[in-house]
Amino acid sequence: KILKEKGAAPSALEEEVAKALFDIEVSPSSDIKADLRDIVINSAQDFEVKNRTALIVHFPFRVWKNVQKIQGRLVRELEKKFSKKHVIF
């Protein structure tokens, strides 16, 4: 679920986001399961904003159209997985 440049190793946060995406994809109750199949991430980072933490997830341009279709539901699911964090694409 992580698409990085050659030789670049994913960070622990990126691994965690990729695992969360995979968990949502294989969950039997997920209604966005089919749309998540082709979605990968480029990177993820934490950003501190006024006593809150935002999780910024970057997607490749070629999957952005699919991400926009399910953005609201995907943000909701990821915010459940990462409590105390706002999820931004």
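Residues numbered from 1 in each chain as written. Predicted model: local features only at pLDDT ≥ 70, side-chain atom pairs only at ≥ 80, totals over all residues. Heavy atoms only, no water.

Details of the sheet that holds strand β3 (residues 85-88)
Logical step 1: Strand order across the open sheet formed by three strands is β1-β2-β3, with mixed pairing between neighbours. Only two strands of the sheet have a single neighbouring strand rather than two, namely β1 (43-49) and β3. Across the sheet, the axes of successive neighbouring strands diverge by a mean angle of 25°, strand direction being ignored.
Logical step 2: In this structure, β1 lies alongside strand β2 (residues 52-58), joined through seven bridges in antiparallel fashion. Considered in β2, the bridge of Gln45 is made with Ile56.
Logical step 3: Taken strand by strand, helix α1 (residues 12-26) contacts β1, β2 and β3, and its axis lies near 110° from that of β1. (Pairing = 2+ DSSP bridges. Helix = DSSP H or I, 4+ residues; strand = E, 2+ residues; numbered from the N terminus. Axes fitted to C-alpha atoms, helices over the stretch in contact; angles between N-to-C directions. Contact = heavy atoms within 4.5 Å.)

Here's the deal with the confidence of the model for the protein chain
Logical step 1: Scored by pLDDT, the protein chain has a mean of 88; 100% of the residues are at 70 or more.
Logical step 2: Confidence, read as mean pLDDT per element, is least for helix α2 (residues 33-36) in the protein chain (84) and greatest for helix α3 (residues 61-69) (92). (pLDDT = per-residue confidence, 0-100.)

A short note on helix α4 (residues 71-81)
The periodicity of an α-helix, 3.6 residues per turn, causes residues three or four positions apart to be oriented the same way.
Logical step 1: Those residues of α4 lying buried are Leu74, Val75 and Leu78. Down the axis of α4, the buried set is contained in an arc of 100°. They therefore lie on one face. With respect to the buried face of α4, the exposed residues turned more than 90 degrees away are Arg76 and Lys80.
Logical step 2: Summarising the contacts, the buried residues of α4 are in contact with α1, α2 and β3. (Buried < 20%, exposed > 50% of the residue type's maximum accessible area, 1.4 Å probe, protein only. Arc of directions from axis to C-beta.)

Here's the deal with the environment of Asp23
Logical step 1: Note that Asp23 resides in helix α1.
Logical step 2: Separated by 23 residues in sequence, Asp23 and Asp46 place their C-alpha atoms 20 Å apart.

Concerning the pattern of salt bridges
Logical step 1: For the coordinates displayed, the defined rule picks out four salt bridges.
Logical step 2: Between Arg73 and Asp31 there is a salt bridge; the shortest N-O distance is 3.6 Å. Separated by 42 residues along the polypeptide, Arg73 in helix α4 and Asp31 in the loop between α1 and α2 bring together distant segments of the chain.
Logical step 3: Given the relative accessible area of 56%, Asp31 is considered exposed.
Logical step 4: Here Asp46 and Lys85 are joined by a salt bridge, their closest N and O atoms 3.3 Å apart. (Salt bridge = Lys/Arg side-chain N within 4 Å of Asp/Glu carboxyl O.)

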